[in-house]
Structures are given as C-alpha cells and as structure tokens.
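# Structural overview for review
Spelled out, the chains give:
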Amino acid sequence: MGQMVWIVLALLAGATLPTQAGINAALQASWARHPALASLISFTVGTAALALYVLAARIPFPSVSTSSAWQWTGGLLGAFFVTVVTFLAPRLGATAMIALVLAGQMAASVTLDHFGLLGYPERPLGLVRFAGLVLVAVGVFLVRRF
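Residues numbered from 1 in each chain as written. Predicted model: local features only at pLDDT ≥ 70, side-chain atom pairs only at ≥ 80, totals over all residues. Heavy atoms only, no water.

Under the annotation held in an unreviewed UniProt entry, the protein chain carries the name DMT family transporter and is attributed to Nitratidesulfovibrio vulgaris.

Here the focus is the overall build of the protein chain. Helices and strands together make up the secondary structure of the protein chain, namely 5 helices and 0 strands. Shown N-terminal to C-terminal, the secondary structure of the protein chain runs as helices and strands in the order α-α-α-α-α. Projecting the C-alpha coordinates of the protein chain onto the three principal axes gives extents of approximately 45 × 40 × 35 Å. Split into buried and exposed, the 146 residues of the protein chain put 15% on the buried side. Relative to all contacts within the protein chain whose residues are 6 or more apart in sequence, the contacts with residues 24 or more apart total 56%. Total accessible area computed for the protein chain in this model is approximately 10,600 Å², and 74% of it derives from carbon and sulfur atoms. (Helix = DSSP H or I, 4+ residues; strand = E, 2+ residues; numbered from the N terminus. Buried < 20%, exposed > 50% of the residue type's maximum accessible area, 1.4 Å probe, protein only. Contact = heavy atoms within 4.5 Å. Areas by Shrake-Rupley, 256 points an atom, 1.4 Å probe, with all protein chains shown as cover.)

Let us now look at the environment of F87. With respect to the element layout, F87 can be found in helix 3 (residues 74–92). What makes F87 partly exposed here is its relative accessible area of 36%. Considered as a pair, F87 and G132 are 45 residues apart in the sequence and their alpha carbons are 29 Å apart. Those residues in contact with F87 that sit more than four places away from it in its chain are Q28 and P35.

Once that is clear, we can look at the nonpolar core. Among the nonpolar cores identified, the biggest contains 6 residues, and these are A21, A25, V85, A89, M97 and V101. At the level of secondary structure, the elements contributing two or more residues to this core comprise helix 1 (2–32), helix 3 and helix 4 (94–115). (Core = buried A, V, L, I, M, F, W, Y, C linked by side-chain atoms within 4.5 Å.)

Here we come to the pattern of salt bridges. As enumerated under the stated definition, the model contains 1 salt bridge in all. A salt bridge links R129 to D113; the nearest nitrogen and oxygen atoms lie 3.1 Å apart. Within this pair, whereas R129 is found in helix 5 (residues 127–145), its partner D113 is found in helix 4, the two being separated by 16 residues in sequence. The exposure class of R129 is partly exposed, given its relative accessible area of 26%. (Salt bridge = Lys/Arg side-chain N within 4 Å of Asp/Glu carboxyl O.)

Right, let's talk about the packing of helix 3 against helix 4 for a bit. Two elements in contact, helix 3 and helix 4, have axes whose closest approach is 8 Å; the angle formed by their N-to-C orientations is 140°. One way to sum up the angle between helix 3 and helix 4 is to call them oblique. As helix 3 packs across helix 4, the resulting crossing turns out to be right-handed. Across the interface between the two elements, F81, V85, L88, A89 and L92 of helix 3 pack against A94, A96, M97, L100 and V101 of helix 4. Class assignment for the residues of the contact of helix 3 with helix 4 results in 10 nonpolar, no polar and no charged. (Axes fitted to C-alpha atoms, helices over the stretch in contact; angles between N-to-C directions. Parallel < 35°, antiparallel > 145°, perpendicular 65-115°, else oblique. Left-handed = near helix turned anticlockwise from the far one by under 90°. Nonpolar A, V, L, I, M, F, W, Y, C, P; charged D, E, K, R; others polar.)

Once that is clear, we can look at the UniProt feature "signal peptide" (unreviewed entry) in the protein chain. Sequence positions flagged by UniProt for "signal peptide" (unreviewed entry) are, in local numbering, residues 1–21. Taken as a whole, residues 1–21 contains 95% helix and 0% strand, while its terminal C-alpha atoms sit 31 Å from one another. (UniProt positions renumbered as here; feature names shortened; annotations may be inferred.)

What follows is the structure, given as structure tokens:
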C-alpha cells in the first residue's frame, strides 16, 4: 500500500507540470507579457507558500556551512525550467511540450543513474533500459508528428 501512495504522489506531481505551464502561459499572455515575469510571479507565490509552511511546521533551518555551493543551483534550474515551459506551452501545446520535457528528463535521468551522480544509486544502462528510452523517443516523435 505504501508504494502505491508514492506512485499516486508522483503522478499528481507530474500532472502539475502541464497545468502550471498553462497557468503561467495564460498569466504571460493576459498580464505579465513576458515568460520571465510570469515565472517570477509563480516563484514568488510558491516561495511565500513554502515559507508559510516551513514556519507553521516549525522546520529548523540548518547552517549554510553544512551545504556545498553547487547544491544551491537547484533554484536556478527550476527558474530555467519554469520560464522555458511558460514560453513553450502556447507554442507547442501541452502534449508535445510535456513529451519533449519527458524525453529530456529520461535522458538526464538515465545518465545520472548510470554514473551514480548527485547521490543517485548507480544503475547501469542495459539493453532493457535503453529500449525504454527508444520507446520514449518514438512516443515523442508520434506526439509531435500527429
């Protein structure tokens, strides 16, 4: 039962990506007039929500000296991602955009797993995993073509 909860959470998190991109693209089109401004608004609202949660849950803030500088770049990657999908959503449509994003995520994920980077357990790229990547690529092609 516990594993099913994680699967449902992952599916829900995945569903937020095209939804957020559509909301941010609508904000861009109707008011912000630039994907970076729409993304900034999205991040500001998200940051405020997280700050309220951290305060309400009384989560202690650790010392900055216990982290490495590269670990702070996640926010930059998030800003890049949100801004790019805000820009792409009205140009590609939700399905094609997410298919391409998924292909990029799969390629990066298999690389991170294969080499055990960023703390992921090492999982070598074998024939079956490679076949999965090929199927994702075929899916992206079919979604973009039809």
